[in-house]
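# Analysis of the macromolecular model
Listed below are the residues making up each chain.
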Protein chains: 2
Amino acid sequence: MDIQLKRGLLDVCVLAAIKNEDSYGYKIIKDMKPYIELSESTLYTILKRLESAGMMTVRTAEHDGRLRKYYRITETGRKRIEEFKLEWKEVISVYQFVIKEDNHE
Amino acid sequence: MDIQLKRGLLDVCVLAAIKNEDSYGYKIIKDMKPYIELSESTLYTILKRLESAGMMTVRTAEHDGRLRKYYRITETGRKRIEEFKLEWKEVISVYQFVIKEDNHE
DNA sequence: TGTAATACATCGTATCACGAAGTATATAGC
DNA sequence: GCTATATACTTCGTGATACGATGTATTACA
């Protein structure tokens, strides 16, 4: 997918990836892969950003002798998803404008 | 609309604004306004970018004693719109992922 | 006379996705 | 034991780009 198009989707996608259960970086990438691909450097940047924005909280836990950082969505994060749904109406209207075929010619 | 979300839409929107008839900067902004707003500095940057990419051609014409730059879409520009339509399927799939409500809990 | 609308241009800034590179452990195959 | 692959997270530099601020001009209208 075009990188510019991704910009508006990635943040909310990552939030969606943890909205039903806590998850961690590596798993988030794999879960999102069928829908939208992103590199590790991109994801970890996003996770940090969303945490700073209070949209998720982190806890570190050991798993098979390795540390994992589990992310949990907050109420603010859920609100972001709801806002996105509202914004989607505008997106659809833009899409209609783009594909509209005028016939005044 | 969120600035990040706009990034994937603006270029193709500007192309759509001239796809049925040649237009110029000031008019493009007004035509797009009901769907998506953008500042003049943004538009003129986009116009230059799309011209460099061979998606539109320009001609300068006088109108009421003032110069106007009229933009015309090229075949490459029309192809860009068609690509966007194809990409839209992916966008919809991402949207479905975001709004999906799992019930395995 | 002055104020808004029309019309285009340039500059600096902040945001952000990405590739490259690095660190470290676990596991499976040979 | 050794090697490759998967897992897991981090940092750094770069390029793309939307925007506000600012500037230049002309026309139209009150």
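Our subject is the structure that appears above.
Just so we're clear, the structure is a prediction, and the values are computed from it rather than from any experiment.

Ranked by internal contacts, the top residues of the largest apolar core, which has 62 residues, are A:Met32 and B:Met32. Residues in contact with A:Met32, not counting those within four places in the same chain, are A:Leu10, A:Cys13, A:Val14, A:Ala17, A:Leu38 and B:Phe97.

A few words on the protein's contact with DNA strand C. Near DNA strand C lie 27 residues; those nearest to it are A:Lys6, A:Arg66, B:Lys48, B:Arg68 and B:Lys69. Protein-proximal atoms of DNA strand C, defined as those within 4 Å of the protein, fall in sugar or phosphate at a share of 70%. Separating a phosphate oxygen of DNA strand C from a side-chain N or O atom of B:Tyr24 is a distance of 3.1 Å. At a separation of 2.7 Å, a base oxygen of DNA strand C approaches a polar side-chain atom of B:Arg66. For the surface near DNA strand C, the elements supplying multiple residues, two or more each, are α1 (3-7) and α4 (40-52) of chain A together with α1 (3-7), α3 (25-32), α4 (40-52) and β3 (66-73) of chain B. A breakdown of the residues in the surface near DNA strand C according to their chemical character gives eight nonpolar, seven polar and 12 charged.

This part is about the pattern of salt bridges. Residues and elements named next belong to chain A. Within the structure shown, the criterion is met by 10 salt bridges over all chains. A salt bridge links Lys85 to Glu82; the shortest N-O distance between them is 3.3 Å. Taken as a pair, Lys85 and Glu82 lie in helix α5 (residues 75-99) at a separation of three residues, close to a single helical turn. Among the charged side chains, a salt-bridge network with shared partners connects Asp22, Arg59 and Arg72.

Rules behind the numbers
- What you see as residue numbers is a count from 1 along each chain, following the sequence as written.
- All chains are assigned letters beginning at A, and all ligands numbers beginning at 1, according to the order in which they are written.
- Predicted model: local features are reported for residues with pLDDT of at least 70 only, side-chain atom pairs are reported and counted for 80 or more only, and whole-chain, interface and lining totals are derived from all residues.
- Think of the side-chain values as coming from all heavy atoms in the structure, minus any hydrogens and water.
- Residues belong to one nonpolar core when they are buried, are Ala, Val, Leu, Ile, Met, Phe, Trp, Tyr or Cys, and are joined through side-chain atoms within 4.5 Å.
- Each residue's exposure class comes from its accessible area (1.4 Å probe, protein chains only) as a fraction of the maximum for that residue type: buried when under 20%, exposed when over 50%, partly exposed otherwise.
- Two residues form a contact once any of their heavy atoms are found within 4.5 Å.
- Distances are taken per atom, and a residue is near a molecule or strand as soon as one of its heavy atoms is within 4 Å of it.
- Here a polar contact is recorded for every N or O atom pair within 3.5 Å, except that within protein the pair must consist of a potential hydrogen donor and a potential acceptor, and residues adjacent in sequence are included only if both atoms are side-chain atoms.
- Put simply, DSSP H or I for four residues or longer makes a helix, DSSP E for two residues or longer makes a strand, and each gets a number counted from the N terminus.
- Residue polarity is assigned by list, with Asp, Glu, Lys and Arg as charged and Ala, Val, Leu, Ile, Met, Phe, Trp, Tyr, Cys and Pro as nonpolar; anything else, Gly included, falls into the polar class.
- By definition here, a salt bridge exists when the distance from a side-chain nitrogen of Lys or Arg to a carboxyl oxygen of Asp or Glu is within 4 Å.

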